[in-house]
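These are the residues of each chain, in order.
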Amino acid sequence: MNLELLGWNRFFEKNFDSYFQQGYTVGRVALEQKNTYLLYTEFGELSAEVTGKMRYQAEGRTDFPAVGDWVVVTIIDDEERAKIHEILPRKSKFSRKAVGAQTDEQIIATNIDTVFLVSGLDLDFNLRRIERYLILVWESGANPVIILNKADLCDEVEQRKAEVEAIAPGVPIISLSAIENQGLDALSPYLGTGQTVALIGSSGVGKSTITNQLAKKDIQAVQTVRKGDNRGRHTTTHRELIILPSGGLLIDTPGMREIQMWNGSEGFQETFTDINTLATECRFRDCQHEAEPGCAVQQALLDGILDKQRFRNYRKLQQELEYNNRKQDQKASLAEKEKWKKIHKALRNNPKR
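What comes next is a walk through the structure.

Re the overall build of the chain
- On a plain count of helices and strands, the chain comes out with nine helices and 13 strands.
- Within the chain, buried positions represent 47% of all 353 residues.
- Look at the contacts in the chain between residues 6 or more apart in sequence, and 66% of them connect residues 24 or more apart.

Examining helix H3 (residues 127-140)
- Helix length check: H3 (14 residues) gives 20 Å between terminal C-alpha atoms against 20 Å at 1.5 Å per residue, within 8%.
- By the criterion of burial, H3 is predominantly enclosed, with twelve of the 14 residues buried.
- Among all positions in H3, only Leu127, Arg128, Arg129, Ile130, Glu131, Arg132, Tyr133, Leu134, Ile135, Leu136, Val137 and Ser140 are buried.
- Where H3 begins, the side chain of asparagine 126 points an oxygen toward the backbone nitrogen of arginine 128, at a separation of 2.9 Å.
- Positive phi appears at glycine 141, one or two residues downstream of H3, with a value of about 95°.

Notes on the packing of H3 against helix H4 (residues 157-167)
- Taken N-terminus to C-terminus, the directions of H3 and H4 make an angle of 40°; their axes are 10 Å apart at the nearest point. Regarding the angle of H3 to H4, the classification is oblique. Between H3 and H4 lies a crossing of right-handed hand. Facing H3, whose interface residues are Leu127, Arg128, Ile130, Glu131 and Leu134, H4 presents Glu163, Val164 and Ile167.
- Considering only residue class, the contact of H3 with H4 consists of five nonpolar, no polar and three charged.

Remarks on empty space enclosed by the protein
- Summed over all chains, the structure comprises one cavity of 30 Å³ or more.
- Taken as a whole, the largest cavity spans an internal volume of roughly 50 Å³.
- Contributing to the lining of the largest cavity are Leu117, Val118, Ser119, Asn126, Arg129, Ile130, Tyr133, Ser202 and Val205.
- Counting residues per element, the ones that place at least two in the lining of the largest cavity are strand S8 (114-120) and H3.

Quick notes on the pattern of salt bridges
- For the structure on display, the rule yields 14 salt bridges.
- Among the ionic pairs, aspartate 124 bridges to arginine 129, the shortest N-O distance being 3.4 Å. With respect to class, aspartate 124 is no different from arginine 129; both count as buried.
- A salt bridge links arginine 160 to glutamate 156; the shortest N-O distance between them is 3.8 Å.
- Taking the relative accessible area as the measure of exposure, arginine 160 reaches 22% and is therefore partly exposed.
- A residue is classified by how much of its surface remains accessible, and glutamate 156, at 37% relative accessible area, is partly exposed.
- Through salt bridges with shared partners, one network takes in Arg128, Glu131, Asp274 and Arg310.

A word on helix H1 (residues 10-21)
- Under the 1.5 Å per step criterion, the end-to-end length of H1 is 16 Å for twelve residues, consistent within 8% with the ideal 16 Å.
- Positive backbone phi, approximately 95°, marks glycine 23, located one or two places after H1.

Observations regarding the packing of aromatic side chains
- According to the stated counting rule, one finds 13 aromatic pairs in the structure shown.
- Relative to phenylalanine 20, the ring of phenylalanine 16 lies with its centre 6.3 Å away and its plane at 55°, an arrangement referred to as tilted. On the criterion of helical spacing, the pair formed by phenylalanine 16 and phenylalanine 20 is a turn pair, its members being four residues apart in helix H1.
- A residue is classified by how much of its surface remains accessible, and phenylalanine 16, at 7% relative accessible area, is buried.
- Classification of phenylalanine 20 as exposed rests on a relative accessible area of 53%.

What counts and what doesn't
- Residues numbered from 1 in each chain as written.
- Predicted model: local features only at pLDDT ≥ 70, side-chain atom pairs only at ≥ 80, totals over all residues.
- Heavy atoms only, no water.
- Helix = DSSP H or I, 4+ residues; strand = E, 2+ residues; numbered from the N terminus.
- Buried < 20%, exposed > 50% of the residue type's maximum accessible area, 1.4 Å probe, protein only.
- Contact = heavy atoms within 4.5 Å.
- Expected span 1.5 Å × (residues − 1).
- Polar contact = N/O pair within 3.5 Å; in protein donor to acceptor, adjacent residues only side chain to side chain.
- Axes fitted to C-alpha atoms, helices over the stretch in contact; angles between N-to-C directions.
- Parallel < 35°, antiparallel > 145°, perpendicular 65-115°, else oblique.
- Left-handed = near helix turned anticlockwise from the far one by under 90°.
- Nonpolar A, V, L, I, M, F, W, Y, C, P; charged D, E, K, R; others polar.
- 1 Å grid on protein atoms, 1.4 Å probe; cavity = no way out; pocket = protein on both sides within 12 Å on 5 of 7 lines; lining within 4 Å.
- Points joined across faces, edges and corners; volume = space filled by probe spheres on them.
- Salt bridge = Lys/Arg side-chain N within 4 Å of Asp/Glu carboxyl O.
- Phe/Tyr/Trp six-rings, centres within 6.5 Å; stacked < 30°, edge-to-face > 60°.

Okay, structure coming up:
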């Protein structure tokens, strides 16, 4: 395979140069299944595993390859297998807090140029969920494009688009009907040769149908959504890098029932630029936008300029991010203490070193 067709560019080439001088080759992670990876390389598809050294040095799940990563490998002679030694620096990284009580990061996809944020124009349409997703997208380093799917089921498409434009100024918004194969041509500018797109959205919004239409064949299973709430089950069970007929690359992802943020300070600022701009006009720099005199945010709420539900979601997400940051700081502090305990223990056991 031609590496440029897989998204290879000067950014990755520069970071790979020293490894190239040592005789290593490179591959892109297309699929991850337990401890085995499928790589796309210039020698074709290869099955791969990380080296024992890499596994030993890994401090957490994010130190292992994810779908979309470019990895440094050696190919095992006469076999369609490879060993992964390193992960090249990531150009972008879409991640969230892992499901559950533990404070861990879960990487969804890496080295993506654009994120197609898919929302259904049915009973599951939810502006507040789109805001939450936008924080993750902006934080990833990729560019968001909002896709409003199932236009065939909605009589108020333009009104819905206007509502989304109000919470995502400047973000491209495309309405389409994947099942009817209508409107997908509008996605073509983002799917050129070597361009990588990730499909993100809740279960039942039609990501698998979009994938199948773009790939021009049935790659992902498609299930009908439940009656009553229009929610779907996970039809995509794993993340996979798919090469499209257009030359673009698509990463389809399982639907997310829990959209918990990881790091999101920059994404939060980008998602709520309107409120942040209003805050600069408050009388007090440390205004909490509650009952302080001269609060421009509260005045905008009274004047109807700022939507009350959007502001409530702003406060809710702000508190959630602050809580996550505290938990992450606490975890990092405990990890640092544990590291030094091990070092001191090793020194006590080997006093001559």
